[in-house]
Amino acid sequence: MARTLSIEPLAIEPLAGTSFGAVVTGVKVTALDDATWRELYAAWLKYALLIFPDQHLKRDEQIAFAKRFGPLEFEMAAISNVKADGSLRIEADNDDVMKILKGNMGWHCDSTYMPVQAKGAVFSAEVVPSIGGRTGFADMRAAWDALDGTLKARIETLAAHHSLHHSQSKLGHQTKKKDGEYSGYGLHDGPVPLRQLVKVHPETGRKSLLIGRHAHNIPGLDKAESERLLQELVDFACQPPRIYHHDWTAGDAVVWDNRCLLHQATPWDMTQPRVMWHSRIAGDPTSEAALH
């Protein structure tokens, strides 16, 4: 008698103990029909972070999946300590790429330092180390909700400048427009974007904090007070149950909503290779543009 192969049904399981995020199983993102895609997109808006185990995306597959969310800022970039020739980057050399990798370990949103903030990103794991290398995410919607009314009233009228030059300089990185093997993306010489500290999500209407390592120099506050307030907000926001750190397995893919989450890299044993692939989804200029 012929056996009928059972196909695991689509399942969206919220992450336990957090205010956001879900693990999606029973689906390959390379083969989504329209109905499944609509269900996934609605879940993405709800949970802000979707985790897809066992995808093993090829380059063209990841780009095609990312494009379902909208136009891309860039199709694919390696986030890795492996050089183009296959050799490992030496941590002690602390070259420009290593400085960027270490800078990414601070909580941040993508592209807030550009004229238009990113909508989101698809990130996938090809090679993972045995120790470390998790990626953290933090829910800025829940962080806003948890603030007391007095602080909400104070910061809702404030804005901050965002700069990759600024955030990297705090690590002693003397940034330049073209940084060696790093593409220089964001290390531009144009105007420094100004963004409100409180953002309204263009699709859900929920408020969230727009903070992180690129934010600095709040107009109307002196430098020390600005820095203190921004750090206090990050310290408050990036606490349980508003954070989740993903332990990668090769083949994992995630997509996050950059309009309401912060994220960070974490250290790993850099004597071991780590190869991750990042596809960045462009923001809508009508909702994600800087104030000037």
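For the structure itself, consult the block above.
Residues numbered from 1 in each chain as written. Predicted model: local features only at pLDDT ≥ 70, side-chain atom pairs only at ≥ 80, totals over all residues. Heavy atoms only, no water.

> Where do I start with the pattern of salt bridges in this structure?
Any two side chains of opposite charge can pair, so long as their charged atoms come close to each other. A complete count under the given rule lists twelve salt bridges for this structure. Between Lys-170 and Glu-227 there is a salt bridge whose closest N-O contact spans 3.8 Å. Of this pair, Lys-170 sits in the loop between α6 (164-169) and β8 (194-196) while Glu-227 sits in helix α7 (residues 223-237), placing them 57 residues apart in sequence. The partner of Arg-259 in a salt bridge is Glu-203, with the nearest N and O atoms 2.9 Å apart. Here Arg-259 is found in the loop between β13 (253-257) and β14 (261-265), whereas its partner Glu-203 is found in the loop between β9 (198-200) and β10 (207-209), with 56 residues between them in sequence. By relative accessible area, which is 39% here, Glu-203 ends up partly exposed. (Salt bridge = Lys/Arg side-chain N within 4 Å of Asp/Glu carboxyl O. Helix = DSSP H or I, 4+ residues; strand = E, 2+ residues; numbered from the N terminus. Buried < 20%, exposed > 50% of the residue type's maximum accessible area, 1.4 Å probe, protein only.)

> Explanation requested: the environment of Ser-169 in the structure shown.
Mapped onto the elements of the fold, Ser-169 is located in helix α6. Note on Ser-169: relative accessible area 39%, which makes it partly exposed. Each C-alpha atom of the pair Ser-169 and Gly-103 lies 9.4 Å from the other, and the pair is 66 residues apart in sequence.

> How should the sheet that holds β13 be read in this particular structure?
What links the strands of a sheet is backbone hydrogen bonding, and the strands pair in either a parallel or an antiparallel sense. With respect to topology, seven strands assemble into an open sheet ordered β1-β2-β3-β13-β5-β15-β4, the strand pairing being mixed. For this open sheet the edge positions go to β1 (11-14) and β4 (72-80), each flanked by a neighbour on one side alone. Across this sheet, the average inter-strand angle for adjacent strands is 20 degrees, counted without regard to direction. Here strand β3 (residues 49-52) runs beside β13; their pairing, made up of four bridges, is antiparallel. The partner of Leu-50 across the bridge, within β13, is Val-255. Contacts between helix α2 (residues 59-67) and the sheet are confined to β3, β4, β5 (120-127) and β15 (275-281), with β4 contributing the most and set at about 135 degrees to the helix. (Pairing = 2+ DSSP bridges. Axes fitted to C-alpha atoms, helices over the stretch in contact; angles between N-to-C directions. Contact = heavy atoms within 4.5 Å.)

> Would you take a moment to explain the state of the cysteines for this structure?
Structurally, a disulfide amounts to a covalent bond that connects the sulfur atoms of two cysteines. The tally for this structure, following the rule as stated, stands at zero disulfides. Considering cysteine sulfurs only, Cys-109 is the nearest to Cys-238, which forms no disulfide, with 9.7 Å between them. (Disulfide = S-S within 2.5 Å.)

> Can you help me understand unusual backbone geometry in this one?
Trans is the prevailing form of peptide bonds, just as negative phi is the prevailing case for residues other than glycine. In this structure, the amide linkage connecting Pro-240 to the following residue, Pro-241, adopts the cis form with an omega of 5 degrees. Counting through the fold element by element, Pro-241 comes out in the loop between α7 and β12 (243-246). In this structure, Ala-48 is a non-glycine residue whose phi angle is positive, near 70 degrees. With respect to the helices and strands, the residue Ala-48 is situated in the loop between α1 (34-47) and β3. Judged by relative accessible area, which is 0%, Ala-48 ranks as buried. Notably, Ser-111 is not glycine yet its phi reads approximately 65 degrees, a positive angle. Inspection of the secondary structure puts Ser-111 in the loop between α3 (96-103) and β5.

> Is there a simple way to explain the environment of Tyr-113 in this structure?
For Tyr-113, the location among the structural elements is in the loop between α3 and β5. On a C-alpha basis, the gap between Tyr-113 and Asp-269 in space is 29 Å, while along the polypeptide they are 156 residues apart. Within the structure, the side chain of Tyr-113 is placed 3.4 Å from the side chain of Arg-280, a separation counted as a polar contact. (Polar contact = N/O pair within 3.5 Å; in protein donor to acceptor, adjacent residues only side chain to side chain.)

> What should I look at first to understand the sheet that holds strand β7 (residues 159-162) in this one?
Ordered by their spatial adjacency, three strands build an open sheet running β8-β7-β11, and the pairing between neighbours is antiparallel. Edge positions in the open sheet fall to β8 and β11 (215-216), since each of these has one partner strand only. Pairing between β7 and β8: three bridges, direction antiparallel. Along β8, the bridge assignment pairs His-161 with Leu-194.

> Where do I start with the packing of aromatic side chains in this structure?
Aromatic ring pairs are described here by two measures, namely the spacing of the ring centres and the angle between the planes. On inspection of all chains with the given rule, the structure shows ten aromatic pairs. Considering the side-chain rings of Phe-52 and Phe-65, the 5.7 Å spacing of their centres and the 85 degrees angle between planes classify their relative orientation as edge-to-face. Highlighted residues: Phe-52 in strand β3 and Phe-65 in helix α2, separated in sequence by 13 residues. Taking relative accessible area as the criterion, Phe-52 reaches 1% and is therefore assigned buried. Seen in terms of ring centroids, Phe-65 and Phe-69 are 5.4 Å apart; in terms of plane orientation they differ by 85 degrees. Their pairing is edge-to-face. Exposure remark for Phe-65: the relative accessible area of 2% places this residue in the buried category. Among the aromatic residues, those joined into a cluster by ring pairs are Trp-37, Tyr-41, Trp-44, Phe-52, Phe-65 and Phe-69. Of note, Arg-242 hangs over the ring of Phe-236, and the distance from its end group to the ring centre comes to 4.7 Å. The ring of Trp-268 carries the charged tip of Arg-274 above its face, separated from the ring centre by 4.9 Å. (Phe/Tyr/Trp six-rings, centres within 6.5 Å; stacked < 30°, edge-to-face > 60°. Lys NZ or Arg CZ within 6 Å of the ring centre and 35° of its normal.)

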